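# Notes for the structure review
The primary structure of each chain is shown beneath.
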Amino acid sequence: MSRTEAPPLPEPLRVPVADSHTHLDMQDGTVEEALARAAAVNVTTVIQVGCDVKGSHWAAETAAAHASVYAAVALHPNEAPRIVHGDPDGWSRQDAREGGGSAALHEALAEIDALAALDQVRGVGETGLDYFRTGPEGMAAQEESFRAHIEIAKRHGKALVIHDREAHADVLRILADAGAPERTVFHCYSGDADMARVCADAGYFMSFAGNMTFKNAQPLRDALAVAPMELVLVETDAPFLTPAPYRGRPNAPYLIPVTLRAMAAVKGVDEDTLASAIADNTARAFDY
């Protein structure tokens, strides 16, 4: 089996659900093809997420063109230090670029702010902190950008979509300090059960991706087990994090049923019960 070959279509869900976080612009094929495959398995709504100014414009345009797509717009946590300091050696695994300092960051944030006002844009994210790829020199730019996104989300009444990689304590600290928006989503939830309890107490949504099916992901399954059903979402983060048994092959919204069924087993409920809860939760989180 080729590692590049798309996995087969799973058995359709009986209850329609949403993919709360995907990157259609990074996937093979057209948007129309991706949405048709998703609809064939009853994944009827997708949230298309931007990671930089260009991708956020694309997300907003795509959502405007397709009734089943909503957009989230932001500068990814790794994008903020690239804008400020540049990326001469390609640490971010993207093209080398010159730094533009704080003025360039404010300019980019102003574009995100303008996009966040659009009706088809239902989320501000993915924003947050990422200490996996950004060293100490990038942390101040990440925090400034994160705080700005929190304000943008609150100003426009949109969901805040959080990327938290190896930065749990600081993400929770900044949310508490700045005051989290009414609807806050931890995308690709990566904390443990203790953190899930903290998120639940704060009313934060926790969105689980295909990595919760990986053999080494028991802490994620433990977190899912204690997460309240009314705060759980499902996502692909496609083309990344393809669920087992297809790990390493291309991910897409049509694979949501694979992850959802694994989640139902962890929660000890049938798939229809979980799908119904997730459908309600996603609509509530993104206000559609």
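What comes next concerns the included structure.

The next point concerns the overall build of the protein chain. For the protein chain, the helix and strand inventory stands at ten helices and eight strands. Dimensions of the protein chain, computed from C-alpha atoms along their principal axes, come out at roughly 50 × 40 × 35 Å. Sorting the 288 residues of the protein chain into buried and exposed places 55% on the buried side. Residue pairs in contact within the protein chain that sit at least 24 positions apart in sequence constitute 71% of those at least 6 positions apart. As presented, the protein chain carries roughly 11700 Å² of accessible surface, and 53% of it is formed by carbon and sulfur atoms. Side-chain charges of the protein chain comprise 24 positive and 41 negative groups, with the mean position of each set lying 4 Å from the other.

Before going further, it helps to spend a moment on the layout of surface pockets. Volume-wise, the largest pocket comes out at about 1300 Å³. In this structure, the largest pocket is lined by 40 residues; those nearest its centre are His 76, His 163, Arg 165, Asp 237 and Phe 240. Listing elements by their share of the lining of the largest pocket, those giving two or more residues are helix 2 (53–65), helix 3 (79–85), strand 4 (121–130), strand 5 (159–165) and helix 8 (218–226). Put simply, the second largest pocket is a space of about 330 Å³. Around the second largest pocket, the lining comprises 19 residues; the ones closest to its centre are Pro 239, Thr 242, Arg 249, Pro 250 and Asn 251. Here the lining of the second largest pocket is built from residues that sort into ten nonpolar, five polar and four charged.

A separate point is the nonpolar core. Phe 146, Leu 175, Phe 186, Tyr 189 and Met 263 are the most contacted members of the largest nonpolar core, which totals 84 residues. Beyond its immediate chain neighbours, meaning those up to four positions away, Phe 186 contacts Ile 162, Asp 164, Val 171, Leu 172, Leu 175, Met 195, Cys 199, Tyr 204, Phe 205, Met 206 and Ser 207.

Once that is clear, we can look at the pattern of salt bridges. Per the counting criterion, the structure on display carries eleven salt bridges. Taking the shortest distance from any N to any O, the salt bridge between Arg 82 and Glu 79 comes out at 3.0 Å. Residue Arg 82 and its partner Glu 79 are located together in helix 3, separated by three residues, close to a single helical turn. Accessibility assignment for this pair places Arg 82 and Glu 79 in one class, buried. Ionic pairing is found between Glu 151 and Lys 154, a salt bridge with its closest N-O pair at 3.6 Å. Here Lys 154 and Glu 151 lie together in helix 5 (residues 139–156), a separation of three residues that amounts to about one turn. Taking the relative accessible area as the measure of exposure, Glu 151 reaches 37% and is therefore partly exposed. When its relative accessible area of 34% is taken as the criterion, Lys 154 is described as partly exposed. One connected set of salt bridges, linked through shared partners, spans Glu 143, Arg 147, Asp 170, Arg 173 and Asp 177.

This paragraph deals with unusual backbone geometry. Residues other than glycine predominantly adopt negative phi, and peptide bonds predominantly adopt the trans conformation. In this structure, the amide linkage connecting Ala 238 to the following residue, Pro 239, adopts the cis form with an omega of 15°. With respect to the element layout, Pro 239 can be found in the loop between strand 8 (232–234) and helix 9 (256–267). At the junction of Ala 244 and Pro 245, the peptide bond is cis and its omega measures out at 10° in the coordinates. Its place among the elements puts Pro 245 in the loop between strand 8 and helix 9. Its identity as a non-glycine residue notwithstanding, Asp 287 has a phi of 55°, on the positive side.

Let us now look at helix 6 (residues 168–178). Buried within helix 6 we find Val 171, Leu 172, Ile 174 and Leu 175. Along the axis of helix 6, the buried residues cluster in a sector spanning 165°; they form a single face. Residues Ala 169, Ala 176 and Asp 177 are exposed on helix 6 and point more than 90 degrees away from its buried face. Here the buried face of helix 6 lies against strand 4, helix 5, strand 5, strand 6 (184–186) and helix 7 (193–202). Positive backbone phi, approximately 90°, marks Gly 179, located one or two places after helix 6.

Glancing now at the environment of Pro 81. Mapped onto the elements, Pro 81 comes out in helix 3. Considered as a pair, Pro 81 and Ile 112 are 31 residues apart in the sequence and their alpha carbons are 16 Å apart.

Next up on the list: the side chain of Asp 19. Relative to the elements of secondary structure, Asp 19 occurs in strand 1 (residues 17–22). Here Asp 19 sits buried without a salt bridge, and the closest side chain of opposite charge, Arg 37, lies 11 Å off (N-O distance). Side-chain polar atoms of Asp 19 contact the backbone nitrogen of His 21, separated by 3.1 Å. Of the polar contacts made by the side chain of Asp 19, one reaches the side chain of Thr 236; its length is 2.6 Å. When sequence neighbours within four positions are dropped, the list of residues in contact with Asp 19 reads Val 43, Thr 45, Val 46, Ile 47, Val 234, Glu 235, Thr 236, Pro 253 and Ile 256.

What counts and how
Residues numbered from 1 in each chain as written. Predicted model: local features only at pLDDT ≥ 70, side-chain atom pairs only at ≥ 80, totals over all residues. Heavy atoms only, no water. Helix = DSSP H or I, 4+ residues; strand = E, 2+ residues; numbered from the N terminus. Buried < 20%, exposed > 50% of the residue type's maximum accessible area, 1.4 Å probe, protein only. Contact = heavy atoms within 4.5 Å. Areas by Shrake-Rupley, 256 points an atom, 1.4 Å probe, with all protein chains shown as cover. Lys, Arg positive; Asp, Glu negative; His and termini not counted. Charge placed at Lys NZ, Arg CZ, Asp CG, Glu CD. 1 Å grid on protein atoms, 1.4 Å probe; cavity = no way out; pocket = protein on both sides within 12 Å on 5 of 7 lines; lining within 4 Å. Points joined across faces, edges and corners; volume = space filled by probe spheres on them. Nonpolar A, V, L, I, M, F, W, Y, C, P; charged D, E, K, R; others polar. Core = buried A, V, L, I, M, F, W, Y, C linked by side-chain atoms within 4.5 Å. Salt bridge = Lys/Arg side-chain N within 4 Å of Asp/Glu carboxyl O. Arc of directions from axis to C-beta. Polar contact = N/O pair within 3.5 Å; in protein donor to acceptor, adjacent residues only side chain to side chain.

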